[in-house]
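Overview (structure and organization)
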Amino acid sequence: MFVLDTLIQGILLGGLYALFATGLSLIFGVMRLVNLAHGDFMIVGAFAVLVLVEALGLPIVFAAALAGIAMFILGYALQRLLLNRALGKDILPPLLVTFGLSIILQNGMLETFSADTRRLSFGPLSEASIPLGGGLAAGVVPVLTFASAVLVILFLNWLFYRTETGRAFRATSDNPEIAQLMGIDNNRIFSLAMALALVVVAIAGLYLGTRATFDPLIGPSRLIFAFEAVIIGGLGSFWGTLIGGIILGLAQTAGAQVSPEWQTLSGHVVFLIVLVLRPRGLFPRSVD
Amino acid sequence: MPEMSQYQVAKSTRASTIALLVLVVVIATLVFAPAFVSRSLLQDLFFVLTMVVLAQCWNLLAGYGGLVSIGQQAYVGLGAYAGFGFAILLGVNPLVAILAAGAIGALLSVPTAYIVFRLQGAYFAIGTWVAAEVYRLLFAQWKALGGGTGTSLPSEVARSVWGVGWVREVFDVKSSAARDIISYWVALLLAVIVIGAIYAFLRTRNGLALSAIRDNPDAAESIGVDTSRAKLAVYIFAATGAALAGALIYFQKASITPQSAFSVIDWTAFVLFIVVIGGIGTLEGPIIGALILFALQNWFADYGTWYLMALGALAIAVMLVAPKGIWGWVQAKYDFSIFPTRRRLIGPDTPVPDYTQPVQEVKAPAPVGVSGAALPNEVTTMFDIETDVLIIGSGPAGGASAALLSSYGIPNIMIEKYGWLANTPRAHITNQRTMEVLRELGIEEEAKEKSVPQELMGNNVFCTSLAGEEIGRLLTWGNHPSRKADYDLASPCRICDIPQTLLEPIIVGKAMETGTVTRFKTEYVSHMQDAGGVVATVRDRVADQTYRIRAKYMIGADGARSIITEQLGLPMEGEMGLEGSMNIEFTADLGKYVAHRPSVLYWIFQPGSNIGGIGAGVIRMVRPWNKWLSIYGYDVNDGPPDLTSQEAADIVRGLIGDQDIDVSVTKLSYWTVNNMVASSYSKGRVFCMGDAVHRHPPTNGLGSNTSIQDAYNLCWKLKLVLEGKADESLLDTYNEERQPVGRQIVTRANKSIQDYAPIFETLGLLQPGSPDDIKRRMDARKEPTVEADARRKALNKYFRHKSYEFNCHGVEMGQRYASRAVVPDNTPEPEYARDRELYYHATTWPGARIPHVWLDVDQAKVSTLDLAGRGRFVLLTGVSGAGWVEAAARASAETEVDVRAYQIGPGCEVNDTFGDWAMQSEVSDSGCVLVRPDGHVGWRAQSLSAEPTVDLTRVMQTILGRR
Amino acid sequence: MLLEIRNLRRAFGAVVVADDISLDVAEGEALGIVGPNGAGKSSLFNLITGQLKPDGGNILLDGADITNAPVRRRVHDGIGRSFQIPQPFEHMTTFENVSVAACFGAGGSEAEEQEHVIDVLHRTGLLPKANMPAGSLSLLERKRLEMARALATKPRLLLLDEIAGGLTEAECQSLIATIQEINSGGTTIVWIEHVTHALLAVVSRLIAIDFGKIIGEGNPKAVMDSEAVRQIYLGMEA
């Protein structure tokens with residue numbers, strides 16, 4: 001019973017981590033960029049929703065939608081104006097630039113919002129839960145999170161494998177030079193991918209904010225979870241990322257039963273074990 | 001084998017040796033610094049020195065080893081905790097504990113490396129971060145050292161540091177200050193050792209290996225470098241350095257918390273900034289960067305978050321704008337290093353470049369393939385034979401090109417797939433313009449000998465059969481008295497009829513005689529273009545071997561089934577295969593039917609003769625009056641019928657209208673009516689001409705004429721470009737000028753076919769019925785009725801209308817070019833007084849062909865066309881045009897292109913005895929007309945301008961594409 | 001026999017790059033390899049150098065089985081290789097490029113290998129460019145550098161991968177001369193090339209490969225004229 005409950009919570013947590021990770025996976029897949037500010041953008045998303053809810057009094061869903069649009073534009077502009085310049089053969093520039101970005105975002109948010117912890121709320125839904133029989137229950141919000149993760153992944157898979165844009169994404173990721181010869185504008189494709197990723201990140205931020213408290217400085221630790229989920233699941237596969245997230249969620253939930261520190265630590269340990277035994281992850285798709 | 005004693009390898013330069021000496025002095029000074037420097041400055045120096053250590057380690061890892069880690073804080077924290085552990089829990093002297101901490105760092109880096117090396121690139125970076133987090137979380141569990149809240153160094157431990165007592169006495173300071181001094185010395189020692197070790201390492205072959213790994217790990221592996229071992233070694237070194245520094249730093253702080261010891265901001269972010277801003281991949285950079293960070297920290301740290309944001313922005317800016325950092329800039333500008341590691345080979349033939357000059361990274365040249373896309377390196381530019389122009393095809397276009405180029409002295413090779421030239425009569429109408437070209441080549445007389453003259457060409461008979469009823473007749477090819485004048489006035493040459501079988505040998509013979517290398521039974525296969533020219537692969541069908549010919553330019557004249565246009569992907573407008581046609585060559589003595597009405601073409605209107613083909617049955621004269629070609633159509637949808645000679649002969653007899661006549665069928669061939677023109681005649685260095693780019697039925701007799709004139713237009717341009725006197729852009733004008741002509745004739749020829757339909761209609765031949773029905777309908781026009789009268793008039797009208805096919809003088813002669821090789825004179829185009837297709841309008845308006853007038857040179861009749869041509873420009877002016885003559889001489893000298901000037905008038909070299917030039921020149925006596933080598937007017941001036949030389953030179957340069 | 005390849009097999013999914021290849025290379029010989037793109041020629045080289053591991057079969061160098069030996073071992077054992085697309089260490093000078101190859105391929109210290117490095121630079125005509133950063137070299141020079149680096153490792157077996165492509169006639173002649181000199185010095189050469197006339201000037205034996213299989217072997221002219229080979233080239237050129 002207890003085990004089952006842990007299992008369910010772990011899986012649902014996995015949905016959240018999958019959301020964290022999918023954006024990262026998307027960017028890496030298309031342009032081989034690891035955005036060290038990924039976690040911070042999640043927090044930016046959460047704060048955006050917060051501001052829209054508090055300042056404009058919008059219901060949270062609308063606020064989230066608006067925030068998503070804002071993040072789309074932000075992502076597009078960011079890639080177009082800044083990150084495209086840093087991309088190239090060398091891995092140092094994008095790393096450093098996104099690292100610098102991370103510092104700027106964290107401190108910017110600190111200045112704007114102070115270090116106080118915040119919380120988003122779905123209203124009455126936040127506390128609601130769905131009884132599963134036998135005394136077990138699953139929180140509505142975690143279920144929503146999980147469902148959102150699945151929907152996002154379904155959407156991305158459809159986009160990547162069944163649309164023209166997706167084809168361009170895949171062509172560019174396979175071989176950017178040839179894609180250019182074929183007339184694909186890499187800059188535009190990359191900007192689009194980043195825009196998409198930030199929308200996913202906004203969604204992640206929304207659920208992060210409703211599930212637990214957040215503050216300007218917790219971005220990097222979320223990044224680490226996202227990263228671990230991607231690696232565990234395997235590079236190049238969105239469903240793999242979901243599985244990775246679930247495994248991480250399970251590991252953390254199990255560890256949390258021991259002590260709060262062991263929550264994060266068990267996640268790290270599982271990650272390291274996977275890394276040692278299966279360096280390419282459990283379900284790798286791409287040849288990296 | 002070079003003389004080895006002449007060579008030596010040096011790493012240091014004089015400047016660097018001096019700099020190192022200076023550095024040694026600086027270090028010595030630093031050692032004694034505690035004696036004269038304040039405590040707070042000492043603490044600042046401590047900060048800088050420890051940051052330098054961390055930065056140098058990170059620089060070695062990332063800048064030289066290519067391992068970008070953002071997890072070095074793991075070892076800082078590890079070292080710090082190990083040091084504290086040894087000192088507090090095991091009572092080891094702090095100085096020894098520092099060393100032990102270093103050892104721990106080294107030890108633990110091995111299994112850590114084992115795990116994180118499984119990741120690459122950016123993921124490796126995050127992996128190192130995760131490792132650091134794991135260490136942090138683990139150490140936060142270590143209750144003995146305070147767990148999550150940390151601990152501080154007990155004072156007795158602090159006091160037990162070796163040398164505290166001695167320092168206290170010598171420098172007369174308190175214990176804590178003494179500790180600071182010792183920490184400072186240890187930091188200085190550590191910094192010197194670390195920098196020294198790295199520098200020494202870089203000077204060994206392992207240092208070279210590390211640079212190789214950074215530049216290209218796969219290539220390094222392939223020359224025997226153990227890249228994994230090298231990376232591991234560097235990682236362990238960096239970990240050790242970080243651990244030593246970490247232990248030292250925290251001993252100095254005397255307290256520790258997991259957050260602080262494993263802080264990613266303090267021990268990675270700042271380190272990154274230091275290295276990047278100072279100059280990554282150099283030993284000097286981290287030192288400079290540390291000093292800068294120190295300064296910034298000092299001045300701005302109070303601004304908290306803003307300071308950090310600014311640092312972040314600064315790092316981004318540096319990374320994007322000046323990724324080599326400050327020292328990188330210094331090195332690039334002054335080629336100066338304090339710690340030089342570059343190996344210079346000094347010898348008699350090994351120049352040392354000026355490293356301060358920006359080095360051009362040479363991109364390997366990418367040859368361009370047929371389609372224009374860059375090809376990979378495998379494509380060769382090897383060839384077996386070389387020439388200036390390669391001509392594919394020996395038909396009228398190819399042959400004329402060859403003859404013209406040879407007459408201009410341009411080396412050329414012509415290849416022909418078959419063993420001989422045209423073996424079917426094919427084209428035959430040879431209009432005046434073409435005869436002018438032959439005239440220039442000096443083969444006009446020979447061609448005339450083999451031709452049927454104009455007066456035997458022109459009785460265009462429309463009949464039910466040769467022996468049968470003549471329905472109507474049209475005088476054609478300038479045989480009508482009123483048209484004859486037009487034709488005679490238009491050219492020094494007369495139109496005539498020569499079958500292609502007889503004309504081609506004359507042209508090709510001339511070409512070969514004057515230098516064209518012709519290879520028969522040589523088939524074109526493919527080609528590629530590169531920056532230097534064209535390399536065509538051809539196959540010698542006799543030896544069955546392929547070889548390659550390299551040319552600066554290639555002419556694709558490979559006919560209506562051209563593969564060159566396919567391969568080039570030239571855009572085509574129109575369609576092929578609209579109607580089906582068969583040519584039946586036969587011999588028969590038809591003199592009795594035709595001698596009284598001599599003509600080249602006899603049109604037969606019978607039931608069935610309107611199907612397919614050109615819409616009517618034709619009997620064409622090949623040799624008077626016994627060699628003939630009959631053209632009969634078939635339904636193109638059914639495909640060419642399989643006819644026996646007997647069946648073919650029957651068709652012919654039907655057309656002749658005599659079932660008993662002796663007809664001997666010699667050849668049967670099929671072709672289709674096409675309506676196709678290329679929208680562009682050229683691509684790169686390949687120029688297509690002739691049927692390859694304009695495919696149309698034989699109506700109007702324009703095919704070979706247009707092909708030969710394509711050649712005439714292009715060849716002089718090739719000549720000037722190959723001689724280096726014109727810019728390559730001149731060649732673009734070939735397409736600009738000839739493509740519209742191609743389109744015009746294709747349209748005209750196809751339209752002429754449609755003009756037969758009304759004739760058939762009016763004759764009632766389009767409706768079905770028995771032969772008697774048909775005969776009745778045809779005879780209907782003989783009735784005296786009003787209806788029949790209308791029908792007679794209609795038929796007349798339609799026959800007259802066929803002048804558009806047979807007397808189309810304007811289309812034959814009236815091409816006017818508009819392109820960059822024609823310089824307008826700002827006068828409007830002269831109006832067409834009469835139908836522009838039927839009538840040729842002579843004018844000297846730039847772009848038009850120079851009008852023909854007869855001039856007198858030493859009592860010999862010479863045409864304006866005779867003055868022009870021969871690959872040179874000609875300037876015609878009047879008696880008062882001496883200024884232009886001088887201008888022409890000067891312009892020639894300036895452009896190195898021959899401009900021959902003629903003054904026309906009494907007392908001049910050329911006399912205008914008929915006064916025709918004065919009437920037709922359209923310029924005043926002091927004006928001039930500049931004629932291009934192809935006889936078209938390039939420019940004209942109404943009168944002598946103020947600066948004739950300047951103007952003329954400018955015009956020439958424009959035409960030559962040089963301005 | 002210096003090199004013996006026995007029933008080598010390697011596939012990437014459905015693409016077979018080595019289809020049961022067996023081949024012997026005698027010491028001191030100059031062997032040429034031709035074949036269309038994608039035929040498996042470079043893959044064969046990768047299998048010989050160890051950059052690619054076979055799915056089956058064996059490779060013996062001087063009798064010793066090196067099928068599973070790592071790249072580095074094979075370099076030390078005497079296999080040197082130039083890349084089809086030159087891979088210079090761009091930020092290092094030409095001299096340093098060759099030096100590092102000499103030190104790690106042949107196994108001495110910088111000082112010990114110095115004479116050898118200078119000699120190699122001399123033979124490949126790179127002395128004038130010794131102090132130039134490798135990134136600034138022209139295409140011919142980069143190709144020479146590829147060869148120089150391979151030579152620096154003191155190979156017994158030198159694998160040249162399409163080294164003549166993109167060169168002018170004169171450059172090609174100069175390259176041929178260098179290669180001939182290397183071969184007559186005792187180094188065994190196996191050379192993949194598209195510029196067939198260069199190949200034919202040097203090699204004494206020729207193999208043709210297509211779809212991972214050897215489709216022709218023997219006297220160079222005979223192989224080039226064989227039906228199978230002409231088929232491929234016709235297909236290539238169209």
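Everything that follows concerns the structure shown earlier in this document.
A brief look at the structure comes next. (Residues numbered from 1 in each chain as written. Chains lettered and ligands numbered in written order. Predicted model: local features only at pLDDT ≥ 70, side-chain atom pairs only at ≥ 80, totals over all residues.)

Points about the nonpolar core
We count it as follows: A set of buried residues qualifies as a nonpolar core if it consists of Ala, Val, Leu, Ile, Met, Phe, Trp, Tyr and Cys joined through C-beta atoms within 7 Å. Burial in this document is a count-based property: other C-beta atoms within 10 Å of a residue's C-beta are tallied, and the residue is buried at 20 or more, exposed at 12 or fewer, or partly exposed in between, with C-beta positions derived from the backbone. Here a strand is any run of E in DSSP of at least two residues, a helix any run of H or I of at least four, and the numbering for each starts at the N terminus. Residue pairs are scored as contacts if the distance between their C-beta atoms, which are placed from the backbone, is within 7 Å.
In this structure, Val-49 and Ala-193 of chain A together with Ala-247 of chain B are the most contacted members of the largest nonpolar core, which totals 286 residues. With 17 residues, helix 8 (residues 186–211) of chain A is the largest single contributor of residues to this core. In this structure Ala-193 of chain A touches Leu-26, Ile-27, Val-30, Met-31 and Phe-169 of chain A, once residues within four positions along its chain are discounted. Residues Ile-507, Val-618, Leu-655 and Met-676 of chain B belong to the second largest nonpolar core, which totals 167 residues.

Some points on the interface of chain A and chain B
To keep it simple, the criterion reads: Any residue that is not Ala, Val, Leu, Ile, Met, Phe, Trp, Tyr, Cys, Pro, Asp, Glu, Lys or Arg is counted as polar, Gly included; the first ten are nonpolar and the last four charged.
Across the boundary between the two partners, chain A contributes 32 residues, which contact 31 residues of chain B. Looking at the side of chain A that touches chain B, the elements with two or more residues in it are helix 3 (60–86), helix 4 (92–113), helix 9 (219–233) and helix 11 (260–277) of chain A. Partitioning the side of chain A that touches chain B into residue classes produces 23 nonpolar, five polar and four charged.

What to know about the sheet that holds strand 8 (residues 459–463) of chain B
Residues and elements named next belong to chain B. For the record, the criterion: DSSP calls a pair of strands paired once it identifies at least 2 bridges connecting them.
With respect to topology, eight strands assemble into an open sheet ordered 9-8-16-17-18-15-19-22, the strand pairing being mixed. For this open sheet the edge positions go to strand 9 (470–475) and strand 22 (694–695), each flanked by a neighbour on one side alone. Relative to strand 19 (residues 664–678), strand 15 (residues 572–587) runs antiparallel, the two being bridged by 13 bridges. The partner of Ile-584 across the bridge, within strand 19, is Leu-668.

Topic: the packing of helix 25 (residues 703–722) of chain B against helix 26 (residues 732–754) of chain B
All names here are of chain B. Applied cut-off: Axis lines are fitted to C-alpha atoms, over the contacting stretch for helices. Their N-to-C directions set the angle, which ranges from 0 to 180 degrees. Roughly parallel here means an angle under 35 degrees, roughly antiparallel means over 145, roughly perpendicular means 65 to 115, and every remaining angle is called oblique.
Contact pair helix 25 / helix 26: the axes reach a minimum separation of 10 Å and the direction vectors enclose 175°. By the angle between their axes, helix 25 is roughly antiparallel relative to helix 26. Counted together, Thr-706, Asp-710, Asn-713, Leu-714 and Lys-717 of helix 25 and Thr-733, Tyr-734, Glu-737, Arg-738, Val-741, Gly-742 and Ile-745 of helix 26 form the full contact between these two elements. Per-class residue counts for the contact of helix 25 with helix 26 are four nonpolar, four polar and four charged.

Section: the interface of chain C and chain B
Facing 52 residues of chain C, the contacting portion of chain B comprises 44 residues. Sorting the residues of the side of chain C that touches chain B by element identifies helix 2 (71–77), helix 3 (94–106), helix 4 (110–123) and helix 5 (139–152) of chain C as the ones contributing at least two each. The element that contributes the greatest number of residues to the side of chain C that touches chain B is helix 3 of chain C, accounting for eight residues. Class assignment for the residues of the side of chain C that touches chain B results in 20 nonpolar, 21 polar and 11 charged.

Structural notes on unusual backbone geometry
All names here are of chain B. Along the chain, Pro-624 connects to Trp-625 via a cis peptide bond; the corresponding omega equals -20°. Along the chain, Trp-625 turns up in the loop between strand 17 (617–623) and strand 18 (627–634). Of note in this structure, Ala-254 is not a glycine but carries a positive phi near 70°. Inspection of the secondary structure assignment puts Ala-254 in the loop between helix 11 (227–253) and strand 3 (255–256). The phi angle at Arg-426 is positive, at roughly 45°, despite the residue not being glycine.

Observations concerning the pairing of strand 9 (residues 205–210) of chain C
Residue and element names in this part refer to chain C. The element strand 9 is largely enclosed, with a buried count of five among its six residues. Bridge analysis of strand 3 (residues 30–34) against strand 9 gives four bridges, and the strand direction is parallel. What sits directly across from Ile-33, in strand 9, is Ile-207. Relative to strand 10 (residues 213–218), strand 9 is paired through five bridges, and the arrangement is antiparallel. Counted as the bridge partner of Asp-210 is Lys-213 from strand 10.

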